[in-house]
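Here's the letter readout for the chains.
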Amino acid sequence: MSGSYDLAIIGAGPGGYVGAIRAAQLGMRVAVIEADKLGGVCLNWGCIPSKALLTGAELVENLTRHGEIFGISTSGLTLDYGKLIDHSRKTADRLARGVESLFKKNKITWIRGRGRLAGPRAVDVEGPDAQRVEARHVLVATGSTEWVPDGLAVDGERVLTSREALASKRRPDRLVVVGAGAVGVEFAYVYAMYGAKVTVLEMASQMLPGADPELAEVLQREFRRKGIEVRLGTRFEGVERSVAGVRVAIASEKGAEALEADQLLVAIGRRPLSADLGLEAAGVNVTKRGFVEVDARGRTAVPGVLAIGDLVGGALLAHKASEEGIAAVEFLAGARTQPLDHGAIPFCIYAQPQVAWVGLTEAQARDRFGEDLRVGRFPFTASGKALAAAHSAGFAKILAEPRYGQIVGAHVVGHGATELVAELVLALTLEATTSEIAATCHAHPTLSEAILEAALAAEGRSINF
Ligand SMILES: Cc1cc2nc3c(=O)[nH]c(=O)nc-3n(C[C@H](O)[C@H](O)[C@H](O)COP(=O)(O)OP(=O)(O)OC[C@H]3O[C@@H](n4cnc5c(N)ncnc54)[C@H](O)[C@@H]3O)c2cc1C
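We now turn to the structure provided with this report. Throughout this document, residue positions are counted from 1 along each chain, in the order its sequence is written. pLDDT decides what is reported in this predicted model: residues at 70 or higher carry local features, side-chain atom pairs at 80 or more are listed and counted, and totals for whole chains, interfaces and linings draw on all residues regardless. In computing side-chain properties, one takes all heavy atoms of the structure into account and sets aside hydrogens as well as water.

### Regarding the overall build of the protein chain
So, point 1. Only runs of H or I of at least four residues qualify as helices and only runs of E of at least two qualify as strands under DSSP, and these elements are numbered from the N terminus. Of regular secondary structure, the protein chain possesses 14 helices and 22 strands.
So, point 2. Every radius of gyration here is taken over C-alpha atoms, with the globule rule written as 2.2 Å times N^0.38, N being the number of residues. For 465 residues, the compact-globule estimate of 2.2 N^0.38 gives 23 Å, and the protein chain sits close to it at 23 Å.
So, point 3. Counting only C-alpha atoms and orienting by the principal axes, one finds that the protein chain spans roughly 65 × 65 × 45 Å.
So, point 4. Accessibility here uses a 1.4 Å probe with only protein chains present; expressed as a share of the type maximum, an area under 20% marks a residue as buried, one over 50% as exposed, and anything in between as partly exposed. The 465 residues of the protein chain split such that 54% are buried.
So, point 5. Taking as baseline every contact in the protein chain between residues at least 6 positions apart, the subset at least 24 positions apart corresponds to 62%. By the convention used here, residues are in contact when the closest approach between their heavy atoms is within 4.5 Å.

Shown next, in the form of structure tokens:
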């Protein structure tokens, strides 16, 4: 199995495995070193299993909150959270096996074990396939793991991160979630729809810190309507075991308080897995927070060593990791000249209402273009399709620079937002203008008409609002 490769990749997450397939397509001999299942956090403990849970939650909400409108009675409805977890785990396993077949199809060698850089062109592997792998280039794609405050003991029973939550069949009656970022918001929604009383704590003054505040306001309002309590400007101070479960110490402008719950879910961010990889010894620059420094082509300071994905920071998203993997190997093969446009990477949150955006927030766009910035909004209350589906919360907003109407940012909150954003990402990528969106025929009735209408609004010629 050992030998010399064109490319050795450490880590088979969406960055590493996608980069491996593209490299093989470009004619490289590729080995991927992965100790765990193929697919990384995304397929096994992130995007996919969490979306399986969210689909269940959405179904429950549709039946229990909206069912009556459609003549559906839910009396006698029972919810089995354990079965939901079974579905989620099966989906993840199926996809991980799918990556294995893609490796076979593309003649990529999977070396099972933990990799460590042994120099610019060598990786030492410990584990079932222990060996030294030699390669002309090494791509490090080891990703990230849950960030847990110092001293906080995650026991998987009372104190959990997303990792334990994705495997736990227990649905607590009362849950405190620390962090109203994407992960915290999605789990809060899942547990609440399956019957838990959920309180979300967020230190910042809005949910989804970094998102356009208008989106966060709608999300918070809708969460409140669903019975999910969101406490902003609230700091998590610590947790101790209590008779019933946990006692969570918090501090806000109201002072110090303690919340009783069955479980605590910590969702305050992720940290890169850059330790014990031999990076610094090889001369790779790593920031204080542990992110690997790379240039626009994914190259580190050491010739022959590249890095991508969560490990290099920026948006910690699967599609960003995959795009970086593709770009890095295309540059290596001389098959690309343009670096990845990090300004056109979409952000999606899959709770209900969904939230999605790409490009600048309104505040950032106003800083750049001043008061002449064109802003077009369209509320879902004016969308026939959204009303028919009984999902009328939310809106679409398009921001365009004043001279040509080129789109510089777009924001959607509401039903279907994470699918609708694709058109807007394409618009940013193609440097499209609002008049070009307006000139594109959108099928009726669809939610995508909200994008058309927001573009028309930015042009000052709304039709349906
Ligand atoms: C609950 C949750 C939900 C998420 N939902 C979404 C979502 O909906 N959409 C989205 O875009 N992103 C989502 N993410 C983020 C997404 O999962 C990550 O951004 C993505 O997985 C990063 O990909 P990566 O390839 O950089 O690293 P990872 O997916 O972290 O993969 C790294 C791989 O490297 C392996 N590895 C580490 N060290 C070594 C070593 N020394 N030797 C060999 N192998 C090693 C690991 O086992 C792992 O398989 C979610 C994350 C979480 C936690």
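### Here's the deal with the pattern of salt bridges
So, point 1. Any Lys or Arg side-chain nitrogen found within 4 Å of a carboxyl oxygen on Asp or Glu counts as a salt bridge. Counted by the stated rule, this structure contains 31 salt bridges.
So, point 2. Across the pair Glu371 and Arg366 runs a salt bridge, and its minimum N-O distance is 3.7 Å.
So, point 3. For Arg366, a relative accessible area of 27% puts it in the partly exposed group.
So, point 4. Salt-bridge contacts for Glu459 lead to Arg374; the nearest nitrogen and oxygen are separated by 3.8 Å. In this pair, Glu459 is assigned in the segment after α14 (449-458) and Arg374 in strand β20 (residues 374-379), connecting sequence segments 85 residues apart.
So, point 5. Within this structure, Asp212, Glu214, Glu362, Arg366, Glu371, Arg377 and Lys397 form a network of salt bridges that share partners.

### Describing the sheet that holds strand β9 (residues 174-178)
So, point 1. The five strands are arranged β8-β15-β9-β10-β11 in an open sheet whose pairing can be described as parallel. Edge positions in the sheet fall to β8 (159-160) and β11 (229-231), since each has one partner strand and no second.
So, point 2. Any two strands with at least two DSSP-identified bridges between them are counted as paired. By the bridge criterion, five bridges tie β9 to strand β10 (residues 197-201) in an arrangement that is parallel. The partner of Val176 across the bridge, within β10, is Thr199.
So, point 3. Across the sheet, helix α6 (residues 182-193) is in contact with β9, β10 and β15 (263-266); its angle to β10 comes to roughly 165°. Each axis is a line fitted through C-alpha atoms, taken for helices only over the stretch in contact, and angles between the N-to-C directions span 0 to 180 degrees.

### Focus: the site of the ligand
So, point 1. As a matter of local geometry, the ligand sits amid 38 residues, with Glu34, Lys51, Gly115, Asp310 and Ala318 nearest to it.
So, point 2. Between N or O atoms, a polar contact is any pair within 3.5 Å; within protein, one atom must be a potential hydrogen donor and the other a potential acceptor, and residues adjacent in sequence are included only when both atoms are from side chains. Contact distances for the ligand include 3.3 Å between an oxygen atom and a backbone N or O atom of Leu316.
So, point 3. Burial of the ligand by the protein amounts to 94% of the accessible area it has alone, namely 990 Å².
So, point 4. Those elements that place two or more of their residues in the shell around the ligand are β2 (30-34), α2 (40-45), α3 (47-66), β4 (114-119), α6 and α9 (318-332).
So, point 5. Counting residues per element, the shell around the ligand draws most heavily on α2, at four residues. Any residue with a heavy atom lying within 4 Å of a molecule or strand is counted as near it. Computed with a 1.4 Å probe, the accessible areas rest on the Shrake-Rupley method; for each residue, only the protein chains presented here act as cover.

### Examining helix α1 (residues 16-25)
So, point 1. Along α1, eight of the 10 residues are buried, which leaves the element largely enclosed by surrounding structure.
So, point 2. Every buried residue of α1 is accounted for by Gly16, Tyr17, Val18, Gly19, Ala20, Ile21, Ala23 and Ala24.
So, point 3. On the buried face of α1, the contacting elements are β1 (4-10), β2, α2, α4 (81-105) and α9.
So, point 4. Where α1 terminates, the next one or two residues include Gly27, which has phi positive at roughly 95°.

### Comments concerning the side chain of Lys226
So, point 1. Looking at the element boundaries, Lys226 is found in the loop between α7 (213-225) and β11.
So, point 2. The buried category is assigned to Lys226, whose relative accessible area is 15%.
So, point 3. A polar contact is formed between the side chain of Lys226 and the backbone oxygen of Gln352, at a distance of 3.3 Å.

### Description of the sheet that holds strand β19 (residues 355-359)
So, point 1. Taken in spatial order, the five strands of this open sheet run β18-β19-β22-β21-β20, and their pairing is antiparallel. The outermost strands of the open sheet, each flanked by one partner alone, are β18 (347-349) and β20. Ignoring strand direction, the axes of neighbouring strands in this sheet form an average angle of 5°.
So, point 2. Relative to β19, β18 runs antiparallel, the two being bridged by three bridges.

### Description of the pairing of β2
So, point 1. Taking burial as the measure, the five residues of β2 include five buried ones, the bulk of the element.
So, point 2. Both β1 and β2 contribute to a ladder of four bridges, which runs parallel. Residue pairing across strands places Ile9 opposite Val32, the latter belonging to β2.
So, point 3. When the strands point away from the viewer, a crossover counts as right-handed if the path from the first strand over the helix to the second runs clockwise. Chirality of the crossover, the property in question, places the unit of β1, α1 and β2 among those that are right-handed.
So, point 4. Where β2 meets strand β3 (residues 109-112), four bridges bridge the pair, whose relative direction is parallel. Considered in β3, the bridge of Glu34 is made with Arg112.

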